[in-house]
Amino acid sequence: MDAQTLRAQAFKALHERAGAFVMPNPWDAGSAKMLAALGFEALATTSAGLAFSLGRPDAEGAVSRADALENARLIARATTLPVAADLENGYADSPEGCAQTILMAAEVGLVGGSIEDATGNPEEPIYPFALAVERVEAAVAAARSLPFDFTLTARAENFLVGRRDLDDTIRRLQAFAEAGADVLYAPDLSTAEEIRAIVKAVAPKPVNVLMSGGIALSVADLGALGVKRISVGSVLARAAYGAFYQAAQEIRGQGTFGFAEQAMPFGRINQMFKG
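An unreviewed UniProt entry annotates the chain as Isocitrate lyase/phosphoenolpyruvate mutase family protein originating from Pseudomonas vanderleydeniana.

Asks: Break down the pairing of strand S4 (residues 112–116) for me, citing the residues and quoting the values.
Replies: Burial runs high along S4: 5 of the 5 residues are buried. Of the two faces of S4, the one holding Gly112, Ser114 and Glu116 and the one holding Gly113 and Ile115 are both buried throughout. Two strands pair when backbone bridges link them, and strand S3 (residues 83–86) and S4 are joined in this way by 3 bridges, in the parallel orientation. Across the sheet, residue Ala85 finds its bridge partner in S4, namely Gly113. Considered for its hand, the β-α-β crossover made up of S3, helix H5 (residues 95–107) and S4 is right-handed. Sheet analysis places S4 next to strand S5 (residues 151–155), joined by 5 bridges and oriented parallel.

Asks: Summarise the packing of helix H7 (residues 166–178) against helix H8 (residues 192–202); cite the residues concerned and give the values.
Replies: Between H7 and H8, the shortest axis-to-axis distance is 9 Å and the interhelical angle comes to 30°. Considering their axes alone, H7 and H8 lie roughly parallel with respect to each other. Read as a crossing pair, H7 and H8 show a hand that is right-handed. Here Leu166, Thr169, Ile170, Leu173 and Gln174 of H7 come into contact with H8, specifically with Glu194, Ala197, Ile198, Ala201 and Val202. Grouping the constituent residues of the contact of H7 with H8 by class yields 7 nonpolar, 2 polar and 1 charged.

Asks: Break down the nonpolar core for me, citing the residues and quoting the values.
Replies: Ile102, Phe150, Leu152, Phe176 and Ile195 are the most contacted members of the largest nonpolar core, which has 67 residues in total. When near neighbours in sequence (up to four residues on either side) are disregarded, Ile102 contacts Leu87, Ile115, Ala139, Ala142, Ala143, Phe150 and Leu152.

Asks: Just give me the short version of the sheet that holds strand S1 (residues 21–22), but keep the residues and values in it.
Replies: Across the sheet, which stays open at both edges, the 8 strands sit in the order S1-S8-S7-S6-S5-S4-S3-S2 with parallel pairing between neighbours. Only two strands of the sheet have a single neighbouring strand rather than two, namely S1 and strand S2 (43–44).

Asks: Describe the packing of aromatic side chains, with residues and values.
Replies: Using the criterion set out here, one finds 1 aromatic pair in the structure. Ring plane angle 50° and centroid distance 6.4 Å describe the contact between Phe148 and Phe150, whose orientation is recorded as tilted. Residue classification places Phe148 among the buried residues on the basis of a relative accessible area of 9%. Positioned above the aromatic ring of Phe129 is the side chain of Arg171, whose terminal nitrogen or guanidinium carbon lies 3.7 Å from the ring centre.

Asks: So what's going on with H8? Which residues, and what values?
Replies: Taken residue by residue, H8 has Glu194, Ile195, Ile198, Val199 and Val202 as its buried positions. Mapping the buried residues of H8 onto a view down its axis gives an arc of 130°, with all of them on the same face. Summarising the geometry of H8, the exposed residues directed more than 90 degrees from the buried face are Glu193 and Lys200. Next to the buried residues of H8 lie H7, strand S6 (183–185), strand S7 (207–210) and helix H9 (219–224).

Asks: Can you tell me about unusual backbone geometry, naming the residues and giving the values?
Replies: Cis geometry marks the peptide bond from Ala203 to Pro204, where omega comes out at 10°. Residues other than glycine seldom take positive phi values, yet Ala59 does so here, at roughly 60°. By secondary structure assignment, the location of Ala59 is in the loop between helix H3 (47–53) and helix H4 (65–78). For Ala59, a relative accessible area of 53% puts it in the exposed group. Of note, the phi angle at Glu88 is positive, near 50°, even though the residue is not glycine. With respect to the helices, strands and loops of the structure, Glu88 is situated in the loop between S3 and H5.

Asks: Account for the pattern of salt bridges, naming residues and giving values.
Replies: Overall, the coordinates contain 12 salt bridges when judged by the stated rule. With its nearest N and O atoms 3.7 Å apart, the salt bridge here joins Lys12 to Asp149. Pair noted here: Lys12 is in helix H1 (residues 3–16) and Asp149 is in the loop between helix H6 (129–144) and S5, with a separation of 137 residues, a long-range link. Here Asp168 makes a salt bridge to Arg172, at a shortest N to O gap of 2.9 Å. Residue Asp168 and its partner Arg172 are both found in helix H7; the two are separated by 4 residues, about one turn of the helix. Grouping residues by exposure puts Asp168 and Arg172 together as buried. Several salt bridges share partner residues, and in doing so they unite Asp86, Glu116, Arg155 and Glu157 into one network.

What counts and what doesn't
- Residues numbered from 1 in each chain as written.
- Predicted model: local features only at pLDDT ≥ 70, side-chain atom pairs only at ≥ 80, totals over all residues.
- Heavy atoms only, no water.
- Buried < 20%, exposed > 50% of the residue type's maximum accessible area, 1.4 Å probe, protein only.
- Helix = DSSP H or I, 4+ residues; strand = E, 2+ residues; numbered from the N terminus.
- Pairing = 2+ DSSP bridges.
- Right-handed = clockwise from strand over helix to strand, strands pointing away.
- Axes fitted to C-alpha atoms, helices over the stretch in contact; angles between N-to-C directions.
- Parallel < 35°, antiparallel > 145°, perpendicular 65-115°, else oblique.
- Left-handed = near helix turned anticlockwise from the far one by under 90°.
- Contact = heavy atoms within 4.5 Å.
- Nonpolar A, V, L, I, M, F, W, Y, C, P; charged D, E, K, R; others polar.
- Core = buried A, V, L, I, M, F, W, Y, C linked by side-chain atoms within 4.5 Å.
- Phe/Tyr/Trp six-rings, centres within 6.5 Å; stacked < 30°, edge-to-face > 60°.
- Lys NZ or Arg CZ within 6 Å of the ring centre and 35° of its normal.
- Arc of directions from axis to C-beta.
- Salt bridge = Lys/Arg side-chain N within 4 Å of Asp/Glu carboxyl O.

This is the structure in structure tokens:
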């Protein structure tokens, strides 16, 4: 059995066991190695983290499918952990384009990925319902054509684009579940009640929740709500960039280097990246 199949089986098993698990989001090979060293069991890429590392904005079409898949390839090669990818809207409007993206994701070593219903067009931010479902159906068909269990996550982006319509979000997630998506995900939920409603609506399918500081809930709290998978999106990348920015501000503004006392020791990082 090849390594990708083993990773796929391990990833699927995480979704089937009792309790919630955290799937943090590295933005490069180095951050992936750190997370693996800390004992996390699976990783997922972050579109925003990648965009920031390239000096580009997120969610504005500034990062290509080729950019995203190359980043995912490097992250997947950095550890032995299962890696899923934030594949945004599949980098295509058409169902066929979404299917092709799933196949290409598998080619770079990924064992999971998400397709969202956000268009990237501020005038029409969410795909019409029927098209959104067709896109998930095509992505599911592509995933099922692979020789291993590729975990397909379907995302309903209403809340993330400012359309806080829980009923429509649930309607979409239920349709995505019926279309065969393995995991359901609605980013930017803000209350335990919203989370509980979505978990109940799509049961027994597993639900991913984004935790980036907006909800004061712990892993145990989310598990009690029925959440299976917890991701953190761009927050780790933003924490790293925030520390970098504050350090640079101190140098530029005060001419001091006090931040260095909080820096991770060179030897510890260097050792972590060996092998």
